[in-house]
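Structural description and commentary
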Amino acid sequence: MRAAVASFEFEGNSLSLRVTTRADFARMGLHEGAAVLQAAEGKDLALTGGIKALREAGVKVVPIFAAKGGAGGHIEDSFLGEALHRIVEGIAAALPLDGVYLALHGAMICAEEKDPEGAVLAALRARIGPAIPIAVSLDLHAHVTPRMVAAANIVVGYETYPHVDAYRTGACAAGLLVRAMRGEIRPVTRIRKYNAIVPVLGGATLGDAPMAKVAAEARAMERAGRALSVSYFPVQPWLDMEDVGITGLAVTDGDPAGAEAVAQDILDAMYARRRDFELLAMTPEEAVKAALRMEGRVLIIDTPDSIGGGASGDAPALLAAILSHAPDVPAALAIVDPAAVRHAEKLGVGAEAEFEIGAWQDTRWFKPVRVTARVERLCDGNFVYRGGPVAGATGRLGPSAVLRVGGLRILVASHAVYEHLDEHYAACGIDIGACKIASFKQLMNFRKLLGPGVDFIALHGQGGTPLRLQDVAWQHRRRPYWPADDRDVPERLPDSV
Ligand SMILES: [Zn+2]
């Protein structure tokens with residue numbers, strides 16, 4: 001048996017001004033043909049898990065295309081066109097095939113096309129016909145659309161946040177695909193959706209967190225034999241579209257009504273806990289003052305400027321607060337500002353000068369912070385991720401500089417790059433273990449750094465990834481929606497084409 005594999009992963013954000021181009025995909029990973037297998041080799045990617053499961057079942061894997069773009073605002077429509085063409089025509093050229101596995105994120109947006117994954121899957125289905133099973137793995141934050149579900153036979157989402165199960169999810173989707181290819185099952189996928197969004201930060205699945213309980217219910221439904229696979233999608237909430245909302249999904253063996261019932265039940269399990277996903281948060285000033293009162297080290301999470309959620313990574317609000325309230329405390333803060341990097345490079349290591357930092361790309365909420373700093377170090381900004389969904393891949397901050405002001409080390413980077421743990425700091429010689437305060441522009445992986453003597457504070461405020469979703473001036477999201485409106489029976493969103 002032969003199965004084609006491809007990946008196309010990007011997380012969009014309607015509130016972000018970042019536009020991701022073909023060059024950004026090329027920097028983060030863009031491969032075709034046999035190079036796809038080399039790129040996936042030894043990683044923790046969904047694609048890697050999918051390939052492994054297919055091979056273990058004796059299936060010949062035909063690699064087509066792989067593109068990874070991280071997160072941002074939207075991607076250029078021209079690159080969607082290119083990727084769609086390469087995936088669809090590449091797979092068509094590989095016929096005859098017994099199955100197709102695609103690793104997608106599921107929350108991609110373009111300037112024009114608001115459902116790129118739906119467009120890719122619909123075009124693929126039209127091209128290869130109805131007989132060949134298509135399996136898809138998605139991120140937990142996917143915006144699952146009826147068009148995607150109509151074109152695919154099998155859809156499986158990550159179940160963990162932080163995302164530590166991309167590999168396992170790919171293997172699960174491909175495992176069901178193998179069973180479908182052998183004719184052992186006839187999988188059907190159904191979704192149910194509510195007009196509700198929940199804060200990403202409150203959706204951790206660690207310990208007995210509320211979303212961990214949703215995960216446990218999904219696994220219990222599978223164990224009870226109600227479905228082959230059950231997924232829940234708290235959804236990427238910063239998508240300003242009227243069809244975006246939390247989603248339940250189930251795959252059953254030839255039982256559409258059963259899949260609908262299970263999708264409804266897991267969706268209700270998530271919605272019932274909606275208040276539990278809300279978290280306490282502080283302004284930057286409150287957070288810095290509180291950190292100084294706390295024992296041990298404190299990670300301050302710049303929630304409204306999360307690079308992994310698509311924000312620009314250039315918000316300087318926390319920088320200003322540290323300079324005002326904790327100027328001599330050992331601290332580390334990373335921020336994106338290529339002009340400040342160029343300024344530091346021109347000055348050279350050891351020079352002291354005035355810098356304007358931050359708010360260069362996204363000027364809607366903040367002004368740059370003016371600071372006199374010494375150039376402590378210049379670096380190339382390359383590092384290897386030690387874990388998470390991109391484990392083993394190279395992160396490229398681009399040319400970077402470490403600026404020193406009192407106790408604070410500011411890591412100024414050229415590119416907004418997904419943060420996992422402290423790899424980006426370590427690559428530029430900053431030891432966050434020696435810092436009372438270390439800041440992060442990410443919402444999930446920091447939890448792996450917590451423990452005895454290490455606590456965290458989340459920020460609220462304005463930005464591309466704000467915590468308080470009801471405060472956003474949505475243009476397309478319709479009322480009533482949670483959390484602006486609280487209904488016991490929320491409004492359903494369309495779940496079939
Ligand atoms: Zn995610």
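Residues numbered from 1 in each chain as written. Predicted model: local features only at pLDDT ≥ 70, side-chain atom pairs only at ≥ 80, totals over all residues. Heavy atoms only, no water.

**Some points on the overall build of the chain**
Defined as follows: A helix here means a DSSP run of H or I that spans at least four residues, while a strand means a run of E at least two residues long, and both kinds are numbered starting from the N terminus. Partly exposed describes any residue whose relative accessible area lies between the buried limit of under 20% and the exposed limit of over 50%, with all areas from a 1.4 Å probe on protein chains only and scaled to the type maximum. Whether two residues are in contact is decided by their heavy atoms, any of which lying within 4.5 Å being enough. Here, Shrake-Rupley sampling with a 1.4 Å probe gives the accessible areas, and only protein chains in the shown set may cover a residue. Residues scored as positive are Lys and Arg, those scored as negative are Asp and Glu, and His as well as the terminal groups of each chain are ignored. Where a charge lies is defined by one atom per residue type: Lys uses NZ, Arg uses CZ, Asp uses CG and Glu uses CD.
Each helix and strand in the chain was counted, giving 13 helices and 22 strands. Seen through its C-alpha atoms, the chain measures out along the principal axes to roughly 70 × 50 × 40 Å. In the chain, which comprises 497 residues, the proportion classed as buried is 61%. Taking contacts inside the chain between residues at least 6 apart in sequence as the whole, the part at least 24 apart equals 75%. Working note: accessible area of the chain is about 18,100 Å², and carbon and sulfur atoms make up 51% of it. With 52 positive and 59 negative side-chain charges, the chain shows a spacing of 2 Å between the two charge centroids.

**Quick look at the nonpolar core**
Counted only if it meets this: Put simply, a nonpolar core is a bunch of buried Ala, Val, Leu, Ile, Met, Phe, Trp, Tyr and Cys residues held in one set by side-chain atoms that sit within 4.5 Å of each other. Domain borders in the structure are assigned automatically or taken from a domain database.
Grouped together as the largest cluster of nonpolar side chains are 95 residues, with contacts concentrated most on Leu47, Leu54, Tyr101 and Tyr232. Residues lining this core come from more than one domain, with at least three contributed by each of domain 1 (2–277) and domain 2 (284–466). Once residues within four sequence positions are removed from consideration, tyrosine 232 is found in contact with Leu140, Glu159, Thr205, Met211, Val214, Ala215, Ala218, Thr247, Ile266 and Met270. Formed by 43 residues, the second largest nonpolar core is a distinct cluster that contains Val120, Leu124, Leu138 and Phe233.

**As for the sheet that holds strand E18 (residues 400–405)**
What counts, and what does not: For two strands to be treated as a pair, DSSP must find at least two bridges joining them. Working convention: axes come from line fits to C-alpha atoms, limited for helices to the stretch in contact. Angles between N-to-C directions cover 0 to 180 degrees.
One open sheet holds the eight strands; their spatial order is E14-E15-E18-E19-E13-E20-E12-E21, and the pairing between them is mixed. Of all strands in the sheet, those bounded by a partner on one side alone are strand E14 (352–357) and strand E21 (454–458). Taken pair by pair, the neighbouring strands of this sheet meet at an average axis angle of 35 degrees, ignoring direction. Packed onto the sheet, helix H12 (residues 338–347) meets strand E13 (331–336), E14, strand E15 (369–379), E18 and strand E19 (408–413) and runs at close to 170 degrees relative to E14.

**Brief notes about the sheet that holds strand E11 (residues 247–253)**
Pairing is antiparallel in the open sheet, where four strands are placed in the order E10-E11-E9-E22. Two strands bound the open sheet, and with one partner strand each, they are strand E10 (229–233) and strand E22 (492–493). Sheet topology note: the strand E9 (residues 187–194)/E11 ladder contains seven bridges and is antiparallel. Bridge pairing links isoleucine 191 to leucine 249 in E11. Together, E9, E10 and E11 form the strand contacts of helix H9 (residues 256–272), whose direction differs from that of E9 by roughly 35 degrees.

**Details of the packing of helix H8 (residues 210–223) against H9**
Quick reminder of the rule: Should an angle lie under 35 degrees it is considered roughly parallel, over 145 roughly antiparallel, and from 65 to 115 roughly perpendicular; all remaining angles are considered oblique. Two helices cross in a left-handed way if the nearer one is turned anticlockwise from the farther one by less than a right angle. They cross in a right-handed way if the turn is clockwise. As a working rule, the residues Ala, Val, Leu, Ile, Met, Phe, Trp, Tyr, Cys and Pro are called nonpolar, Asp, Glu, Lys and Arg charged, and the rest polar, with Gly in that last group.
As a packed pair, H8 and H9 sit with axes 9 Å apart at the nearest point and diverge in direction by 160 degrees. By the angle between their axes, H8 is roughly antiparallel relative to H9. The crossing of H8 and H9 is right-handed. Contacts from Met211, Val214, Glu217, Ala218 and Met221 in H8 reach Val262, Asp265, Ile266, Ala269 and Met270 in H9. Among the residues making up the contact of H8 with H9, the classes are represented as eight nonpolar, no polar and two charged.

**Brief notes about helix H5 (residues 116–128)**
Since there are 3.6 residues in each turn of an α-helix, residues three or four apart along the chain are aligned in direction. Spelled out, the test is: In a helix, the anticipated span is given by 1.5 Å times the number of residues less one.
With 13 residues, H5 should cover 18 Å at 1.5 Å per step; its first-to-last C-alpha distance of 18 Å lies within 8% of that length. When H5 is considered as a whole, its buried residues turn out to be Pro116, Glu117, Gly118, Ala119, Val120, Leu121, Leu124, Arg125 and Ile128. Elements in contact with the buried residues of H5: strand E1 (2–11), helix H4 (77–93), strand E6 (99–104), strand E7 (134–138) and helix H6 (146–151). Downstream of H5 by one or two residues, glycine 129 has phi in the positive range, about 85 degrees.

**Looking at the confidence of the model for the chain**
The predicted coordinates ought not to be read in detail in places where the model reports low pLDDT. Our working rule: The predictor reports its confidence for every residue as pLDDT, a score running from 0 up to 100.
The pLDDT averaged across the chain works out to 96; a share of 100% of its residues lies at or above 70. Ranking the elements of the chain by mean pLDDT puts strand E17 (residues 394–396) last with 92 and E7 first with 99.

**Some thoughts on H8**
Given a rise of 1.5 Å per residue, 14 residues ought to cover 20 Å, and the 20 Å separating the end C-alpha atoms of H8 matches this to within 8%. Residues of H8 that are buried in the fold lie against E10 and H9. Once H8 finishes, glycine 225 follows within two positions and takes phi at roughly 80 degrees, a positive value.

**What about the side chain of lysine 436?**
The criterion, for reference: Think of a salt bridge as a Lys or Arg side-chain nitrogen and an Asp or Glu carboxyl oxygen that are within 4 Å of each other.
As for its position among the elements, lysine 436 is in the loop between helix H13 (423–427) and strand E20 (437–440). One buried charged residue, lysine 436, forms no salt bridge at all, with the nearest opposite charge on glutamate 295 at 8.3 Å. Leaving out residues up to four positions away in the same chain, lysine 436 has contacts with Ala291, Leu292, Met294, Glu295, Gly296, Arg297, Val298, Val329 and Pro330.

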